[in-house]
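An overview of the molecular structure
In case you want the letters, here they are:
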Amino acid sequence: MGFARTCSVALVGVEGVVVEVQADLEPGVAAFTLVGLPDKSLVESKDRVRAAVVNSGAEWPQKKLTVGLSPAAVPKSGSGFDLAVACAVLAASERLDPRELADLVLIGELGLDGRVRPVPGVLPAVLAAADAGYRQVVVPERTAAEASLVPGVSVLGIHSLRQLIAVLTDEPVPEEEPLQEGRPDPMLAGLSVPGAGLGTGVLLGERQPDLAEVAGQAKARMALEVAAAGRHHLLLQGPPGAGKTMLAERLPGLLPPLTPQESLEVTAVHSVAGTLPVGQPLVDKAPYCAPHHSASMPSLVGGGSGLPRPGAVSLAHRGVLFMDEAPEFSGRVLDALRQPLESGHVIVARSGGVLRLPARFLLVLAANPCPCGRHGMLAEGCDCAPQAVRRYRARLSGPLMDRVDLRVTVEPVARSELMGAEAGAETTAEVAERVRGARERAAARLADTPWATNSEVPGHELRTRWRAGPGALVEAERDMERGLLTARGLDRVLRVAWTVADLAGHDRPGAAEVNCALELRTGVHRGTVLTGEHP
């Protein structure tokens, strides 16, 4: 009787569980049984593994073969277990030394010819292996750079099963036939999930549009700067063609580069979702996700058959989630944003399991003033009935809007602005530098706390530990007495005021900064100048 074991990783959302792959050979009629709660694609690995072993020059054991995936109660899905299953079988049949596999984690899909094909989710799988104490992993050659992002782990990238057998048995490593120049690489197909990238509107690794290309819109430009500096959620209202989408697309360029820990978090999500750009194993810039207004609930918050997959809120983690034509989204979809806006994660419960997916994003909503978009415009009359206008605006519910710190009206651009009268508009790099300085001032103030940006600081701390200047809250208190501002709204006004103060280089917000924050939240003019120059 032959027995051998090795390890692989089962992904549950963006978290991994180390799975022990056991192979047992017994005398009897030749058969291959796979147990351990596998899904359909994993059950089919029996035929892939058998063909790959034979075509790699190894002998397939003609005995009763049982392969177990432990723990058996954890659902296993995908083709990433093929390599571990093949090595366990070869070790049980004494082609490999079982001791060589004891401390290895193997991840990869096998082709019928023995080539090792890449699979999505390699980074979170290697992170899980490292957390479990494993220090050696074997992955497909195409994903070795992604796996190497995990510190303290030795990564072996292989092209075929033949090469791995040679490495484990100290035999000469065979050379694989190189891909002919000009021919497409079929291996790259395993790195992406069909429909995952274009369907969510994820922009990674592309040229960032420049803020200097936006004509006019001084107030909206300042709102973008404040949103980026403090990670405050933003609503852009205005008629069609005023530049709402242009402004939103330029917001990711204002955000600071991701920290190493944030980069790993974002890369892990996109690796599982199959949206990592080819040749870019690490995402170091804020992602941008702009789902269509017809998006369903599972596509936004996560879902799908079996175990849920990351949705748009998770794909925008540490970046920007832009919802154009926000009132056209389903009310249920919009209200589903309320939990991740507060907690920074989303918990998805399905019949296949309950997952916790990261979802700390900067929300940008864009909306027209009415269904026809001409309400309030002088040159063109609005054809919408008053009831239709109220109904349209009511689609953005009060609880959702209470979580949006900045609300800006984007006015139509004047002819002089559009034709280049303001040729000296600031570039993205110039504004991003001010944002970086404001973030550094906030980080120094919050150094000994669990918070990194002003939008995360609890209101209690802002009212007791970091107080505004004397008399700064007169207008805000008056709005609370009139019922124009809720307690949560006051906390958010204080957070925005601290961000405005950080951008201006002030030690703490005064009346001017608080009034600026109130105007950005309510739209009511408070006598402050909302331009690129801060109070």
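Look up: the structure comes first, before these words.
Calculation rules
- Residues numbered from 1 in each chain as written.
- Predicted model: local features only at pLDDT ≥ 70, side-chain atom pairs only at ≥ 80, totals over all residues.
- Heavy atoms only, no water.
- Axes fitted to C-alpha atoms, helices over the stretch in contact; angles between N-to-C directions.
- Helix = DSSP H or I, 4+ residues; strand = E, 2+ residues; numbered from the N terminus.
- Parallel < 35°, antiparallel > 145°, perpendicular 65-115°, else oblique.
- Left-handed = near helix turned anticlockwise from the far one by under 90°.
- Contact = heavy atoms within 4.5 Å.
- Nonpolar A, V, L, I, M, F, W, Y, C, P; charged D, E, K, R; others polar.
- Buried < 20%, exposed > 50% of the residue type's maximum accessible area, 1.4 Å probe, protein only.
- Polar contact = N/O pair within 3.5 Å; in protein donor to acceptor, adjacent residues only side chain to side chain.
- Core = buried A, V, L, I, M, F, W, Y, C linked by side-chain atoms within 4.5 Å.

Observations concerning the packing of helix α3 (residues 82–92) against helix α7 (residues 161–168)
Across the interface, α3 lies against α7 with an axial gap of 12 Å and an inter-helix angle of 45 degrees. On the basis of their axis angle, the class for α3 and α7 is oblique. Of the two possible hands of crossing, α3 and α7 adopt the one that is right-handed. Side by side, α3 and α7 meet where Leu83, Ala86, Cys87 and Leu90 of the first sit next to Leu161, Leu164 and Ile165 of the second. Considering only residue class, the contact of α3 with α7 consists of seven nonpolar, no polar and no charged.

Looking at the environment of Leu446
Position of Leu446 relative to the elements: it lies in the loop between α19 (428–445) and α20 (459–464). Its relative accessible area of 2% is what places Leu446 among the buried residues. When the C-alpha atoms of Leu446 and Val457 are compared, they prove to be 8.8 Å apart, with eleven residues separating the residues in sequence. With near-sequence residues (within four places) excluded, Leu446 lies in contact with Trp451, Ala452, Thr453, Val457 and Trp466.

Examining the side chain of Thr428
Structurally, Thr428 is set in helix α19. Owing to a relative accessible area of 9%, Thr428 belongs among the buried residues under this scheme. One polar contact links the side chain of Thr428 to the main-chain amide nitrogen of Leu211, over a distance of 2.6 Å. Among all residues touching Thr428, those that are not within four sequence positions of it are Pro209, Asp210, Leu211, Gly253 and Leu254.

Quick look at the nonpolar core
With 46 residues, the main nonpolar core has Val226, Leu234, Leu251, Val364 and Leu520 as its most contacted residues. Broken down by element, this core gets its largest block of residues, eight residues, from helix α9 (residues 218–230). Non-local contacts of Val226, meaning those with residues more than four positions away in its chain, are made with Arg231, His232, Leu406, Val496, Thr499, Val500, Leu503 and Leu520. Counting residues in each nonpolar core, the second largest holds 40 residues, with Trp60, Leu83, Leu96 and Leu161 among its members.

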